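Overview (structure and organization)
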Amino acid sequence: MRIERDSRGDYVLDPDELAIKLRLSADELRRRMKVGLVTSLVEAGQGEDAGLCRLTVRCGGAVWRAIVDADGSVIREETRG
């Protein structure tokens, strides 16, 4: 998954690709997003991880987490739930 950043610097994920990672249909992910059931967190790397970010998306019991470099390339990812 390639991750883009918008003009404000916020991360933008493709909902169709994210839905697959969370084992949902794209329509179900969008529905859950609209009602506030999807949360996300961005954490900036420090020390030897400077320049990297950890992105976490939660939807119910499913969690997708990725380590992303400054170019938006996923270095490592995991899915739980």
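How each quantity is defined
Residues numbered from 1 in each chain as written. Predicted model: local features only at pLDDT ≥ 70, side-chain atom pairs only at ≥ 80, totals over all residues. Heavy atoms only, no water. Phe/Tyr/Trp six-rings, centres within 6.5 Å; stacked < 30°, edge-to-face > 60°. Lys NZ or Arg CZ within 6 Å of the ring centre and 35° of its normal. Buried < 20%, exposed > 50% of the residue type's maximum accessible area, 1.4 Å probe, protein only. Helix = DSSP H or I, 4+ residues; strand = E, 2+ residues; numbered from the N terminus. Pairing = 2+ DSSP bridges. Axes fitted to C-alpha atoms, helices over the stretch in contact; angles between N-to-C directions.

Enumeration over the complete set of coordinates arrives at zero aromatic pairs. When the ring centre of Y11 is taken as origin, the NZ or CZ atom of R5, which lies over that ring, is 4.1 Å away.

The buried count for strand 4 (residues 53-59) comes to five of seven residues, which makes it a mostly enclosed element. For strand 3 (residues 38-44) and strand 4, the ladder comprises seven bridges, and the chain directions are antiparallel. The residue of strand 4 that forms the bridge with S40 is V57. Where strand 4 lies against strand 5 (residues 62-68), seven bridges are found, and the strand directions are antiparallel. Looking at strand 5, one finds that L55 is bridged to A66. Turn length for the strand 4-strand 5 hairpin, with the two strands adjacent in sequence and antiparallel, is two residues, and the turn residue G60 shows positive phi of about 65°.

As a further point, take the sheet that holds strand 3. Taking strand neighbours across the sheet as the criterion, the four strands line up as 3-4-5-6 in an open arrangement whose pairing is antiparallel. Edge positions in the open sheet fall to strand 3 and strand 6 (74-80), since each of these has one partner strand only. Each strand axis lies, on average, 10° off the axis of its neighbour in the sheet, ignoring direction.

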